[in-house]
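Examining the three-dimensional arrangement
Each chain is listed here by its residues.
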Amino acid sequence: MRPCLLLNDFNGGGAERLVKDLAVELDQRNDVDPVVVASNRRGELEEAFEESGVELSVLGVDVAIASVGNGTARLLSRLRELDVDVVHSHLAFSDLVGRLACLGLSLPHVSTYHNVEEKRPPLKRAVEHATRPLSEQIVCVSDGVRQSYGNDPRMRVIYNAIDVEAFNGRVAAADPANVPKRVQSAETVFLNVARCVDVKRQWDLISAMERLDAPDAHLVVVGDGPLRSDLEAIVSEKGLSESVTITGFVDSIEPYYACADAFVSSSSKEGLPTTHIEAMAAELPVISTDIPGVREIVEHDTTGYLCPVGEPETLAGTMQRIHGKDCRHLADRGYQTAMSTFSMERVAAEHASLYWEVAGDS
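Before going into details, it helps to say that this report is about the structure given with it. (Residues numbered from 1 in each chain as written. Predicted model: local features only at pLDDT ≥ 70, side-chain atom pairs only at ≥ 80, totals over all residues. Heavy atoms only, no water.)

Let's talk about the sheet that holds strand S12 (residues 286-289)
In spatial order, the strands read S10-S9-S8-S11-S12-S13; together these 6 strands make up an open sheet with parallel pairing. Each of the sheet's edge strands pairs with one partner strand only, and the pair in question is strand S10 (244-248) and strand S13 (304-307). Looking at each pair of strands side by side, their axes are set apart by 20° on average, direction ignored. Sheet topology note: the strand S11 (residues 262-264)/S12 ladder contains 2 bridges and is parallel. Directly across from Val-264, in S12, lies its bridge partner Ile-287. Along the sheet, helix H9 (residues 202-211) makes contact with strand S8 (188-193), strand S9 (217-222), S10 and S11, crossing S9 at roughly 170°. Sitting on the sheet, helix H12 (residues 274-281) touches S8, S11 and S12, and the angle it makes with S12 is about 165°. (Pairing = 2+ DSSP bridges. Helix = DSSP H or I, 4+ residues; strand = E, 2+ residues; numbered from the N terminus. Axes fitted to C-alpha atoms, helices over the stretch in contact; angles between N-to-C directions. Contact = heavy atoms within 4.5 Å.)

Have a look at this one:
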């Protein structure tokens, strides 16, 4: 089986990391020979993809509406050269050019939807509805994502995943030398890993820290994005510079998981957040928002705690509950859940079965 895993670029988001890890796991199977095709080389994960050992091809086109025609033409030509059996695309631009190219070549096509439909802007939503019939199957990363699109009969849920044991090992061996000293020395470190964008609502975490009765606690937000400077301004205005750190992009996330005592998230919308799985693989309790996608990872009062969206007071109270406490029972159950439900080996096997299914039906 020769699947083409198609993505926009090498940005460091959850979709891109999933494609890399999935391709590596598929490449280790005897029945699958994957190739990864990207529209362009932009993004901080390019080196990781290059070093993965998986065959890689780059089209050299921008991810933009104006590039759809050129991207489709280049993909058509590249797919002929690569002699693939099925195309599996991730994210809106890749879905569109992938569907059009597969139509021209009579190849089966699979899409993965990483986020709920509400996160798509109107134009992307319209294009998705118009071209969805061109996909034989659509993978949704959570049941919440599938329900948001109306439970189309061609949709199935295959969870996001990571190599749980490998990630746990990297965290255990991580060198915290590059983690700021004020983070390392805190009694309780609350870790948030996310881009600084509206839906992540990190301002709620900052407000929670303002309310927290724990001067020896520290919140570290690992991520970059358009709202980073706004968040840093909020931290300064509230006088929280000694207890809140926003790092921007970092080359290695594992040292931050190693320093953390709990993972926190204040997102208003998620597909199935890989960071929450990473947190459980790192044996951290999770405090997150009670939203679709997250509910399928975090079991309240068993692997962590769920709070309403937009209530920093509740977040603060829950963070207070963990501060300075032994939460080994939450961490152990979280790790067990990550191993049993969100392991890359299991998810790669599900994808391999899907590829055989759709290629056999075409």
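What about the side chain of Thr-188?
Within the secondary structure layout, Thr-188 lies in strand S8. One polar contact links the side chain of Thr-188 to the main-chain amide nitrogen of Gly-324, over a distance of 3.1 Å. With residues up to four places along the chain from it excluded, the contact list for Thr-188 reads Asp-216, Ala-217, His-218, Asp-261, His-323 and Gly-324. (Polar contact = N/O pair within 3.5 Å; in protein donor to acceptor, adjacent residues only side chain to side chain.)

Thoughts on the nonpolar core
Ranked by size, the top nonpolar core spans 42 residues in total, and within it Phe-167, Leu-191, Val-222, Ile-253, Tyr-256 and Tyr-257 carry the most contacts. Every element with two or more residues in this core is listed here: strand S6 (137-140), helix H7 (164-172), S8, S9, helix H11 (254-259) and H12. With 4 residues, H12 is the single largest residue contributor to this core. Setting aside chain neighbours within four positions, we find Tyr-256 in contact with Asn-178, Val-179, Pro-180, Leu-191, Val-220, Val-222, Thr-247 and Val-250. (Core = buried A, V, L, I, M, F, W, Y, C linked by side-chain atoms within 4.5 Å. Buried < 20%, exposed > 50% of the residue type's maximum accessible area, 1.4 Å probe, protein only.)

Notes on the packing of helix H3 (residues 68-82) against helix H4 (residues 92-105)
At a minimum axis separation of 9 Å, H3 and H4 run at an interaxial angle of 55°. Compared by their axis directions, H3 and H4 come out oblique. Here H3 runs over H4; the crossing is right-handed. Facing H3, whose interface residues are Val-68, Gly-71, Thr-72, Leu-75, Leu-76, Leu-79 and Arg-80, H4 presents Phe-93, Leu-96, Val-97, Gly-98, Leu-100, Ala-101, Gly-104 and Leu-105. Of the residues in the contact of H3 with H4, the class split is 10 nonpolar, 4 polar and 1 charged. (Parallel < 35°, antiparallel > 145°, perpendicular 65-115°, else oblique. Left-handed = near helix turned anticlockwise from the far one by under 90°. Nonpolar A, V, L, I, M, F, W, Y, C, P; charged D, E, K, R; others polar.)

Points about H12
Burial analysis of H12 places 8 of its 8 residues in the buried class, the great majority of the element. Those residues of H12 not exposed but buried are Thr-274, Thr-275, His-276, Ile-277, Glu-278, Ala-279, Met-280 and Ala-281. Residue Glu-283 follows H12 closely and has a positive phi angle near 65°.

So, the pattern of salt bridges
Across all of its chains, the model carries 26 salt bridges by this definition. Across the salt bridge formed by Asp-204 and Arg-201, the nearest N and O atoms sit 2.8 Å from each other. By relative accessible area, which is 5% here, Asp-204 ends up buried. Of the charged contacts in the structure, one is a salt bridge between Glu-350 and Arg-346, with a shortest N-O distance of 3.8 Å. Of this pair, Glu-350 and Arg-346 both sit in helix H15 (residues 344-361), 4 residues apart, roughly one helical turn. Put simply, Glu-128, Arg-132, Asp-152 and Arg-154 are held in one network by salt bridges that share partners. (Salt bridge = Lys/Arg side-chain N within 4 Å of Asp/Glu carboxyl O.)

Such coordinate-based values are descriptive only and should not be taken to indicate function.
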